[in-house]
Amino acid sequence: MSADSPATVPAVIGDVIAAAHRIVVLSGAGMSAESGMPTFRDAGTGLWSQYDPMTLATPEAFSHAPDVVWAWYLWRMHLVRTCQPNAGHVAIAELAEHREVSVVTQNVDDLHERAGSRDVIHLHGTLEALRCSACDSPHRAPLQIPAEQRPSVDPPQCHQCGGAVRPGVVWFGEMLPTASFMRAEQLAQTADLALVVGTSGLVFPAAGLPALARGAGVTVVEINPQHTPVSDVCQHSWRSTAAAALPALARLVRASGAG
Ligand code: OAD
């Protein structure tokens with residue numbers, strides 16, 4: 001299914017969304033796929049089928065080869081800046097005009113915000129929230145982002161201590177931001193509906209949120225073209241894409257009026 005395919009909301013999911021007042025969207029890389037951002041684990045196209053996360057997405061990798069890691073993240077920042085929110089991001093922002101909507105995302109891009117979503121929690125940080133790898137000070141100087149992918153670029157130096165500046169993401173082996181994760185857990189347990197969009201459900205602790213929601217009596221609906229471990233936890237799986245399914249949901253909510 002492509003972004004242009006008209007999607008018909010399955011009746012059972014239509015009933016659930018019409019009745020839901022508080023919606024938490026749990027999004028992963030598939031949410032931004034139709035914007036042109038590669039996912040991590042899709043066969044052939046996923047970043048982790050082309051790059052080794054252990055040499056690019058760990059604190060050890062950054063200590064060992066900061067120039068290689070920094071260059072790779074600059075390339076990803078360039079990709080994000082050149083991508084636009086897709087119809088799915090826009091539909092989520094539109095849903096918030098009719099329902100109470102919070103977005104909990106594993107994505108490090110800013111496409112939810114650029115589409116107009118206001119309550120967005122980034123569990124894995126955001127690419128351009130730069131900080132010092134030594135003293136943790138935020139780094140706000142303007143960035144030079146090359147338009148082409150380079151094999152190595154030295155990271156900027158921290159203005160406070162001279163340490164190497166790093167991207168604002170959570171790397172493998174690092175803790176998620178505590179306050180953000182606590183808020184995500186609270187939202188997952190208190191929503192009427194958890195919409196799980198475009199995640200393989202393999203990376204914990206984020207991957208535990210759908211089960212936490214289900215355990216708290218929240219209805220869990222997955223939107224993903226593929227079967228995932230979330231499919232075994234949720235009440236309904238919709239085999240569609242973010243940019244096809246979410247606008248159809250938003251249309252239905254708009255037609256059904258205020259929540
Ligand atoms: P993955 O790449 O693991 O999974 C992407 C999911 O999106 C798959 O289940 C796809 O079937 C689905 N998908 C692909 N295209 C889609 C579309 N157009 N609409 C809806 N779904 C689609 O990405 P995540 O689950 O987000 O962590 O990965 C989790 C974490 O692993 C990432 O945050 C990242 C990565 O290592 C860090 O960087 C810390």
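Thresholds applied
- Residues numbered from 1 in each chain as written.
- Predicted model: local features only at pLDDT ≥ 70, side-chain atom pairs only at ≥ 80, totals over all residues.
- Heavy atoms only, no water.
- 1 Å grid on protein atoms, 1.4 Å probe; cavity = no way out; pocket = protein on both sides within 12 Å on 5 of 7 lines; lining within 4 Å.
- Points joined across faces, edges and corners; volume = space filled by probe spheres on them.
- Nonpolar A, V, L, I, M, F, W, Y, C, P; charged D, E, K, R; others polar.
- Buried < 20%, exposed > 50% of the residue type's maximum accessible area, 1.4 Å probe, protein only.
- Helix = DSSP H or I, 4+ residues; strand = E, 2+ residues; numbered from the N terminus.
- Pairing = 2+ DSSP bridges.
- Axes fitted to C-alpha atoms, helices over the stretch in contact; angles between N-to-C directions.
- Parallel < 35°, antiparallel > 145°, perpendicular 65-115°, else oblique.
- Left-handed = near helix turned anticlockwise from the far one by under 90°.
- Contact = heavy atoms within 4.5 Å.
- Near = heavy atom within 4 Å.
- Polar contact = N/O pair within 3.5 Å; in protein donor to acceptor, adjacent residues only side chain to side chain.
- Areas by Shrake-Rupley, 256 points an atom, 1.4 Å probe, with all protein chains shown as cover.
- Sits in = over half its atoms within 2 Å of the grid points.

Draft legend 1. Spotlight on the layout of surface pockets. Taken as a whole, the largest pocket encloses approximately 860 Å³ of empty space. In terms of lining, the largest pocket is formed by 47 residues, of which the most central are Gly28, Ala29, Phe40, Arg41 and Ser200. Classifying every residue of the lining of the largest pocket by side-chain character gives 24 nonpolar, 18 polar and five charged.

Draft legend 2. Quick peek at the pairing of strand β1 (residues 22–27). Among the six residues of β1, five are classified as buried, and the element is accordingly described as predominantly covered. In this sheet, strand β2 (residues 100–105) lies alongside β1 in parallel orientation, the contact comprising six bridges. Each bridged residue has a counterpart across the sheet, and for Leu26 the counterpart in β2 is Val104. The sheet contact formed by β1 and strand β6 (residues 193–197) spans five bridges and is parallel. Paired with Val25 across the strands is Leu195, a residue of β6.

Draft legend 3. Spotlight on the packing of helix α1 (residues 11–19) against helix α10 (residues 242–256). At their nearest, the axes of α1 and α10 sit 10 Å apart, and the two run at 55° to each other. As summarised for this structure, α1 and α10 are arranged oblique, according to the angle between their axes. Crossing hand, α1 versus α10: right-handed. Where α1 abuts α10, its residues Ile13, Gly14 and Ile17 lie against Leu249, Leu252 and Val253.

Draft legend 4. Representation of the site of the ligand in the model. In the neighbourhood of the ligand, 24 residues make up the surrounding shell, with Phe40, Arg41, His124, Thr199 and Ser200 lying closest. In this structure, Thr199 approaches the ligand through a side-chain N or O atom, which is 2.6 Å from an oxygen atom. A distance of 3.0 Å is found between a nitrogen atom of the ligand and a backbone nitrogen or oxygen belonging to Ala242. Expressed as a share of its isolated accessible area of 800 Å², the protein-covered part of the ligand is 92%. Put simply, the ligand lies in the largest pocket. Taken together, the residues that form the shell around the ligand break down as nine nonpolar, 12 polar and three charged.

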